[in-house]
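Residues per chain are reported as follows:
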Amino acid sequence: MKKLIEKVLAPPAPHMVGDGFRVHNFFPGGYSLGLQRMSPFFMMDYNAKVEFPASERQRGVGVHPHRGFETVTLAYAGAVAHHDSAGNSGTIYPGDVQWMTAASGVLHKEYHETEFARKGGAFQMVQLWVNLPAKFKMTSPKYQSITTAQMGKYDLPNGKGRVDVVAGEFHSVKGAADTFTPIQMYNMYLHDGATINFELPSHFNSCILLLEGQATINGTTVKQDHLLLFKNEGTDVSIETTEDAKLLVLSGEPIDEPIVAYGPFLMNTKEEIIQAYEDVNSGKFGYLED
Ligand code: MN
């Protein structure tokens, strides 16, 4: 059965995160969808394509903590660098993904990569906060830097485009990321005149972000920078294009647990939030130079 569409959301008014990310928060705040609506995806910040002027200073967000979830950053234009107190660092370029498991806690900083900052130019990225179930919230931090070359590839017939399988599986092509709960995450690079069909489980929370161009998804035309939210009914998805289009497909099994979200922490109870602040203040998240 065809997957039913709940609604198509225009990008909400943007705000700055630090001085490096101009984001449209589609959820949970932007449309008050609720904390659980896209579980396990708790947050989606979308930096629609914007030009940053050349700068000797690296724009971004300084040292800050996270606990209880994963930050997943997908780059589409420009370059994003990262350092964390677990000793991991990396830079991602268009098509790459940085999958940081904060879990029990890290300090990190996120900013424009030096060379990109110096030259300036188009910048486009997505950051997701992927929740962890209670049993994994206090596991060790982890970092997966996944280049587009490392991702599973599905090629459309007749050179009509390709799918990068970031996580999960797409028509038997396996994704690159290790995830704690079942997640399907695809970057789709489609050419004009492409048709692609696939299935997403009906009980998974699912959405598609149009990053470039436009596409008709199950009969509904979705414009650039808009987010299509599926109902949890039906499985079959069909995408057709009449121009080149780039899409991010997200689908995940909901985590059926209470959420208490405060600042940079995502826990199950208020006591765990208080504990997180105590642990940051007592140095349990380690040290990271600003
Ligand atoms: Mn962060």
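The residue numbers shown here count from 1 along each chain, following its written sequence. Local features in this predicted model are restricted to residues of pLDDT 70 or higher, and side-chain atom pairs are both shown and tallied only at a pLDDT of 80 or more, whereas totals for entire chains, interfaces and linings draw on every residue. Side-chain measures were taken over the full set of non-hydrogen atoms in the model, leaving aside hydrogen atoms and water.

Asker: Is there a simple way to explain the coordination of the manganese ion in this structure?
Answerer: The textbook angles at a metal center are 109.5 degrees for a tetrahedron of four donors and 90 or 180 degrees for an octahedron of six. Protein-derived ligands of the manganese ion are His64 (NE2), His66 (NE2), His108 (NE2) and Glu110 (OE), with the metal-ligand distances lying across 2.1 to 2.3 Å. Each donor residue of the manganese ion lies on one chain, and together they are spaced H-x1-H-x41-H-x1-E. Of the two residues, His66 is situated in strand β5 (residues 60-66) and Glu110 in strand β10 (residues 106-112); the sequence distance between them amounts to 44 residues. The same class applies to His66 as to Glu110, namely buried. Note that water is not among the atoms used; donors are N, O and S atoms within 2.8 Å of the metal (3.2 Å for Na, K and Ca), so sites may look incomplete. Strands are runs of DSSP state E lasting at least 2 residues, helices are runs of H or I lasting at least 4, and numbering of each runs from the N terminus. Between buried and exposed lies partly exposed: a residue is buried under 20% and exposed over 50% of the maximum accessible area for its type, with that area taken using a 1.4 Å probe on protein chains only.

Asker: What is the right way to read the packing of aromatic side chains from this model?
Answerer: We describe a pair of aromatic rings using the distance from one ring centre to the other and the angle between the two ring planes. Between rings of Phe, Tyr and Trp, where Trp is taken as its six-membered ring, a pair exists when centres lie within 6.5 Å; planes separated by under 30 degrees are stacked, by over 60 edge-to-face, and by other angles tilted. Counted by the stated rule, this structure contains 14 aromatic pairs. Where Tyr262 meets Tyr277, the ring centres are 6.1 Å apart and the plane angle is 70°; that geometry is what we call edge-to-face. In this pair, Tyr262 is assigned in strand β25 (residues 260-262) and Tyr277 in helix α3 (residues 270-281), connecting sequence segments 15 residues apart. Judged by relative accessible area, Tyr262 falls into the exposed class, the value being 53%. We classify Tyr277 as partly exposed; its relative accessible area is 32%. Of the aromatic side chains, those joined through ring pairs into one cluster are Phe21, Phe52, Phe116 and Phe123. Geometrically, a lysine NZ or arginine CZ counts as sitting over a ring once it is within 6 Å of the ring centre and also within 35 degrees of the ring normal. The ring centre of Phe230 lies 5.9 Å from the NZ or CZ of Lys3, which sits over that ring. We note Arg162 situated over the ring of Tyr189; from NZ or CZ to the ring centre the distance is 4.4 Å.

Asker: Help me understand the pattern of salt bridges in this model?
Answerer: Side chains that differ in charge, positive against negative, can pair when their charged atoms come close. Any Lys or Arg side-chain nitrogen located within 4 Å of an Asp or Glu carboxyl oxygen qualifies as a salt bridge. This model, assessed by the stated rule, comprises ten salt bridges. A salt bridge links Asp164 to Arg162; the nearest nitrogen and oxygen atoms lie 2.8 Å apart. For Asp164, a relative accessible area of 0% corresponds to the buried category. According to the relative accessible area criterion, Arg162 is partly exposed, its value standing at 27%. Through salt bridges with shared partners, one network takes in Glu56, Glu115 and Arg118.

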